[in-house]
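# A look at the structure
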Amino acid sequence: MHALRVLTKLYYRRRRSPLSSQRLNNRADDFQDLFVEARLCIEDAQESQETTYFAEDLDAAQEAVDEAVKAFNEVVADIDDKDQKNSVLRSNGLKVEQLKGEIQMIIDGHGHHH
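The following refers to the structure shown. (Residues numbered from 1 in each chain as written. Predicted model: local features only at pLDDT ≥ 70, side-chain atom pairs only at ≥ 80, totals over all residues. Heavy atoms only, no water.)

### Section: helix 3 (residues 54-77)
End to end, helix 3 covers 34 Å across 24 residues, agreeing with the expected 34 Å (1.5 Å per residue, within 8%). Turning to helix 3, its buried residues are Phe-54, Asp-57, Leu-58, Ala-61, Ala-64, Val-65, Ala-68, Val-69, Ala-71, Phe-72, Val-75 and Val-76. (Helix = DSSP H or I, 4+ residues; strand = E, 2+ residues; numbered from the N terminus. Expected span 1.5 Å × (residues − 1). Buried < 20%, exposed > 50% of the residue type's maximum accessible area, 1.4 Å probe, protein only.)

Spelled out as structure tokens, the structure:
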């Protein structure tokens, strides 16, 4: 997330738009918080696979992943500069793909148990 903040500050310093920079930083912070929350929910779902809590934990994990992905896409959409957008995609895109992959592995793995 640090790279995103640096890029955002550089970008908006050139545009002289501190309010927009703050809004984008807030969205970046929101994404980071949602990413952490999604990881915790995924861990809960992994740990509860053989329990009665699994369905509820899986639903919570899926919702958390969806929210993190949405927040990331909004951050990316707010960046107009192509080079900066690509840099953000490179530095944080893997986090988003990690979440999607981990939730899919749980879904696929659970389906094979029944």
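### Overview of the packing of aromatic side chains
Tallied over the entire structure, the rule returns 2 aromatic pairs. Considering the side-chain rings of Phe-31 and Phe-35, the 6.3 Å spacing of their centres and the 40° angle between planes classify their relative orientation as tilted. One end of the pair is Phe-31 and the other is Phe-35, both in helix 2 (residues 18-47) and 4 residues apart, which spans about a single turn. Take Phe-35: its relative accessible area is 10%, and that puts it in the buried class. Site record: aromatic cluster; members linked through ring pairs are Phe-31, Phe-35 and Phe-72. The ring of Phe-35 has Lys-95 sitting right over it, with the charged end atom 5.2 Å from the ring centre. (Phe/Tyr/Trp six-rings, centres within 6.5 Å; stacked < 30°, edge-to-face > 60°. Lys NZ or Arg CZ within 6 Å of the ring centre and 35° of its normal.)

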